[in-house]
Amino acid sequence: MLTSSVPGEGKTTIALSLSHNLAGLGKKVLLIEADIRRRTFDQYFETKDQSTLVDSVMSSDGPEIKLSDTDSMPGVDMVFGGKASINAADFFSSERFKTFISHAREQYDYIVIDTPPVLVVPDARIIGNHADAIVYCVHWDKTPKAQPVAGIRSFESINLRVHSMVLSQIDPAG
């Protein structure tokens, strides 16, 4: 999963690039937009239908992977976020979400989860329990040092380890 301290640090761009690169290696990739408060994938893609992560998890037949219908990223299956009538923290800590991730693990080589910023809402800390690795994105030369330190400590406080950090939006001239 990818997260950051605050919005605008490049985690969605990195999630898209990572997914594209993994697919280019012949891997079966599922990219999940796990921000059910605000949809950022809509800024990058046009969808032909509105199947969302919420639809997938809350399906009356039990959690199932309902792919968003977009052909903008060949080789990458995508599930867009969506608005939930339940609290997002409750949604991500539900047994239904856990089952959804379990089904996805059976079908894909890689699942890339783009989460909300860890210092803004608790979702990333909850989703982190379902992830094999946590990648922390930091906006180069902009994010104050205290923010990623606080974000990483918030993961450590619940016994989750950040596996790597990525500097995003690097200005080679600066």
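Shown above is the structure to which this text applies.
Not measured: the values here are computed from a predicted model.

Undergrad: Outline the nonpolar core, listing residues and values.
TA: Within the largest apolar cluster, 31 residues are counted, with the highest numbers of intra-cluster contacts made by Leu 53, Phe 91, Phe 92, Phe 97, Phe 100 and Phe 155. At the level of elements, β2 (29–33), α2 (53–57), α3 (88–92), α4 (95–107), α5 (123–127), β5 (135–139) and α6 (146–156) are the ones that each hand at least two residues to this core. Dropping the residues within four chain positions of it, Phe 97 is found in contact with Leu 53, Val 57, Phe 91, Phe 92 and His 130. Counting residues in each nonpolar core, the second largest holds 17 residues, with Ala 23, Val 76, Val 112 and Cys 137 among its members.

Undergrad: Which residues make up the packing of aromatic side chains, and what values do they have?
TA: Enumeration over the complete set of coordinates arrives at four aromatic pairs. Considering the side-chain rings of Phe 91 and Phe 92, the 5.0 Å spacing of their centres and the 80 degrees angle between planes classify their relative orientation as edge-to-face. A residue is classified by how much of its surface remains accessible, and Phe 91, at 0% relative accessible area, is buried. Given a relative accessible area of 0%, Phe 92 falls into the buried group.

Undergrad: Summarise α6; cite the residues concerned and give the values.
TA: Turning to α6, its buried residues are Pro 148, Gly 151, Ile 152, Ser 154 and Phe 155. Mapping the buried residues of α6 onto a view down its axis gives an arc of 155 degrees, with all of them on the same face. Facing away from the buried side of α6 by more than 90 degrees, the exposed set consists of Ala 146 and Arg 153. Considering only its buried residues, α6 is in contact with β1 (2–4), α5, β5 and β6 (164–168).

Undergrad: Can you lay out the pattern of salt bridges for me, pointing to particular residues and giving the numbers?
TA: Any two side chains of opposite charge can pair, so long as their charged atoms come close to each other. On inspection of all chains with the given rule, the structure shows two salt bridges. The partner of Asp 123 in a salt bridge is Arg 37, and the shortest N-O contact between them spans 2.3 Å. Of this pair, Asp 123 sits in helix α5 while Arg 37 is found in the loop between β2 and α2, placing the two residues 86 residues apart along the sequence. For Arg 37, a relative accessible area of 36% translates into the label partly exposed. Residue Asp 132 is joined to Arg 105 by a salt bridge in which the shortest nitrogen-to-oxygen separation is 3.1 Å. On the criterion of sequence distance, the pair formed by Asp 132 in the loop between α5 and β5 and Arg 105 in helix α4 is long-range, its members being 27 residues apart. According to the relative accessible area criterion, Asp 132 is exposed, its value standing at 60%.

Undergrad: Could you give an account of unusual backbone geometry, naming the residues involved and the relevant values?
TA: A positive phi is found at Asn 159, a non-glycine position, where the angle reads about 65 degrees. Mapping Asn 159 onto the fold places it in the loop between α6 and β6. Positive phi, close to 55 degrees, is recorded for Gln 169, a residue that is not glycine. For Gln 169, the location among the structural elements is in the segment after β6.

Undergrad: If you had to explain the side chain of Glu 9 to someone new, which residues and values would you point to?
TA: Tracing the backbone through its elements, the reader meets Glu 9 in the loop between β1 and α1 (11–24). No salt bridge is formed by the buried Glu 9, whose closest oppositely charged neighbour, Lys 11, lies at an N-O distance of 7.2 Å. From its side chain, Glu 9 meets the backbone nitrogen of His 139 in a polar contact 3.0 Å long. Here the side chain of Glu 9 touches Thr 143 through a polar contact of 2.4 Å, side chain to side chain. What Glu 9 contacts, discounting residues up to four positions off in sequence, is Ser 4, Cys 137, Val 138, His 139, Thr 143, Ser 168 and Gln 169.

Conventions we followed
- Residues numbered from 1 in each chain as written.
- Predicted model: local features only at pLDDT ≥ 70, side-chain atom pairs only at ≥ 80, totals over all residues.
- Heavy atoms only, no water.
- Core = buried A, V, L, I, M, F, W, Y, C linked by side-chain atoms within 4.5 Å.
- Buried < 20%, exposed > 50% of the residue type's maximum accessible area, 1.4 Å probe, protein only.
- Helix = DSSP H or I, 4+ residues; strand = E, 2+ residues; numbered from the N terminus.
- Contact = heavy atoms within 4.5 Å.
- Phe/Tyr/Trp six-rings, centres within 6.5 Å; stacked < 30°, edge-to-face > 60°.
- Arc of directions from axis to C-beta.
- Salt bridge = Lys/Arg side-chain N within 4 Å of Asp/Glu carboxyl O.
- Lys, Arg positive; Asp, Glu negative; His and termini not counted.
- Polar contact = N/O pair within 3.5 Å; in protein donor to acceptor, adjacent residues only side chain to side chain.

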